[in-house]
Amino acid sequence: MNEAHPQNHDHDETGPSRRSVLWTAGAAGAGLGLGALPAGRAAAATPGETVPGAPAAATAGTAAAPAARGRTMIGVPFERRSTVRVGIIGLGNRGGSMIDLFLAVPGVRVVALCDPVKEKTERAAKKVTDAGQPAPAVYTKGDHDYENLCKRGDLDFVYAATPWDRHFEMARTALRNGKHFGVECPLALRLDQLWELVDLSERTRRHCMQLENCCYGRNEMRVLRMAHAGLFGELLHGAGAYIHDLRGLMFDPTYYEGPWRRLWHTRLRGDLYPTHGFGPVANYMDVNRGDRVVRISSVGTPALGLAEYRKEHKPANDPSWKESYIESDRTISLVQTAKGRVIRLEHDVSTPHPYSRINSLGGTKGLFEDYPERIYLEPDQHDDEWGDFAKYAEWDHWLWKEHANPPGGHGGMDYMMVFRLMQCMRLGLVPDFDIYDAATWSAPVPLSDASIKAKGAPQEIPDFTRGLWKKARTGVDSEKPAE
């Protein structure tokens, strides 16, 4: 893949040490306990033991869709506007770099910034004024000042890059205040939260999106167009993953500026970070656009990697020695679709391994596999010899043809995502993905955990579209619009 080293790829939500304590405190108690499910959300008890601090077992739930509380957001365009006014919550590693991309896109103004650490907000605000824009409003008064940002009347879109357990409440606050919302992965950690955001998006008529940058990678977009053109034949299977050795970073006291990321390995056993691998493969298979995922079955290895790393690298008085890790070093999930296709998802951030998202797709006419990229399509390839994927550059998406050398990290996929989203908002287009995609891509977090606890028993994946997945529609494989 023509991509720079994926530094910071998963490090989406960072915060100061004081924030990392406050912004994740709820995870070990009621903040991630299930509580009462909203009416119509049937739930089933999770087999197996209960792990303190993990999403409650009832998050497994049933796949029966509750009655709609609003009109669908499928096919709903943004309101056309000459300038998109953006507010950003969270200015750590991810938010602090993504602001550069918002500022690089024509027709975008960064109006407001929020982070409890004043220095981070000041540094980001200087980027705004250095770009020739008016000084943004800043919100630094504690962990809930983002609520005041969302109340502003001069914002169109709110972007959040914060610790995972804050995503749900920030999405809810933005939607209730009439703002379109985009967030780093995952959207939420419980099924009832995902359903609540589906309902809220429909009631408020505002889009709520998982900003999955891997959907905009050059290889991913090329494979997407090739799949939709029929080059792989009838699609049969695909695979996606997040495999990235994060041991050093998770024990680094300054990188995440707190242990919030590592602490999730004391709370869940399932796939903590599914969307980087799931999103692109779901796009290949038109999930929610003619097919849907119906069930997931997950297994996991013992949790040994972080404890071994701690033993070798941390002194006996390090606070991490109070932690007991339960997250499987590698989780492997099999997802089946309504058409019988199979998607394999993997997650591993605690053992030695080169970076990989696997990113494969197979059909009746051949196969693509990434890391390293290679292809085998009939009649082009034969005699068990892989083909050169670079020879299929004609299938590049128009975004990559128009922006051959995009700015920003991760080989340009971040910029492509921001550019396209802002373009859709300016021109009044339907977004490439919506709340139904966001909920579907995040659902493996609680469901893989429930399946592992149930010794691999399949868990039903809700139909967040309430039956509308049967209708084909466009997505990331878009046509270039006329400006």
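Residues numbered from 1 in each chain as written. Predicted model: local features only at pLDDT ≥ 70, side-chain atom pairs only at ≥ 80, totals over all residues. Heavy atoms only, no water.

An unreviewed UniProt entry lists the chain under the name Glycosyl hydrolase family 109 protein, from Streptomyces kasugaensis. Taken from UniProt, the Cofactor (unreviewed entry) comment for the chain reads in full: "NAD(+)". Quoted verbatim from the Sequence similarities (unreviewed entry) field of the UniProt record, the comment on the chain reads "Belongs to the Gfo/Idh/MocA family. Glycosyl hydrolase 109 subfamily." (UniProt positions renumbered as here; feature names shortened; annotations may be inferred.)

Undergrad: Help me understand the overall build of the chain in this model?
TA: When helices and strands are tallied, the chain shows 15 helices and 14 strands. Put simply, the chain has 483 residues, and 61% of those count as buried. For the chain, long-range pairs separated by at least 24 residues make up 77% of all intrachain contacts whose partners lie at least 6 apart in sequence. Surface accessibility of the chain: about 17800 Å² in total, with carbon and sulfur atoms responsible for 52%. (Helix = DSSP H or I, 4+ residues; strand = E, 2+ residues; numbered from the N terminus. Buried < 20%, exposed > 50% of the residue type's maximum accessible area, 1.4 Å probe, protein only. Contact = heavy atoms within 4.5 Å. Areas by Shrake-Rupley, 256 points an atom, 1.4 Å probe, with all protein chains shown as cover.)

Undergrad: Please explain the pattern of salt bridges as it appears in this structure.
TA: Any two side chains of opposite charge can pair, so long as their charged atoms come close to each other. Here the structure, examined in full by the defined rule, presents 34 salt bridges. Here Arg85 ties to Asp156 by a salt bridge, and the two come within 3.0 Å at their closest N and O atoms. Of this pair, Arg85 sits in strand 1 (residues 84-89) while Asp156 sits in the loop between helix 4 (146-150) and strand 4 (157-160); the two residues are 71 residues apart in sequence, bridging distant segments of the chain. Residue Asp156 is classed as buried on the basis of its relative accessible area, which comes to 8%. The partner of Asp396 in a salt bridge is Arg222, with the nearest N and O atoms 2.7 Å apart. Of this pair, Asp396 sits in the loop between strand 13 (374-377) and helix 12 (398-402) while Arg222 sits in helix 7 (residues 218-228), and the two are 174 residues apart along the sequence. In this pair, the class of Asp396 matches that of Arg222, namely buried. (Salt bridge = Lys/Arg side-chain N within 4 Å of Asp/Glu carboxyl O.)

Undergrad: Just checking my understanding: could you explain the nonpolar core for this structure?
TA: As a rule of thumb, soluble globular proteins bury nonpolar side chains together. Ranked by internal contacts, the top residues of the largest apolar core, which has 103 residues, are Phe102, Phe157, Tyr216, Phe232 and Met422. Counting residues per element, this core draws most heavily on helix 13 (residues 413-427), at 10 residues. Lining this core are residues from two domains, each supplying at least three of them: domain 1 (84-210) and domain 2 (215-397 + 433-460). Residues in contact with Phe232, not counting those within four places in the same chain, are Val223, Met226, Ala227, Leu361, Gly363, Thr364, Lys365, Gly366, Leu367, Phe368, Ile375 and Leu377. (Core = buried A, V, L, I, M, F, W, Y, C linked by side-chain atoms within 4.5 Å. Domains from an automatic or database assignment.)

Undergrad: Before we go on, may I ask you to explain the sheet that holds strand 2 (residues 108-114) in this structure?
TA: On the basis of which strands lie adjacent, the open sheet formed by 6 strands has the order 3-2-1-4-5-6 and parallel pairing. Only two strands of the sheet have a single neighbouring strand rather than two, namely strand 3 (137-139) and strand 6 (208-210). If you compare each strand with its neighbour and ignore which way they point, the axes differ by 25 degrees on average. Where strand 1 lies against strand 2, 6 bridges are found, and the strand directions are parallel. Considered in strand 2, the bridge of Ile88 is made with Leu113. Taken strand by strand, helix 13 contacts strand 1, strand 2, strand 4, strand 5 (180-183) and strand 6, and its axis lies near 140 degrees from that of strand 1. (Pairing = 2+ DSSP bridges. Axes fitted to C-alpha atoms, helices over the stretch in contact; angles between N-to-C directions.)

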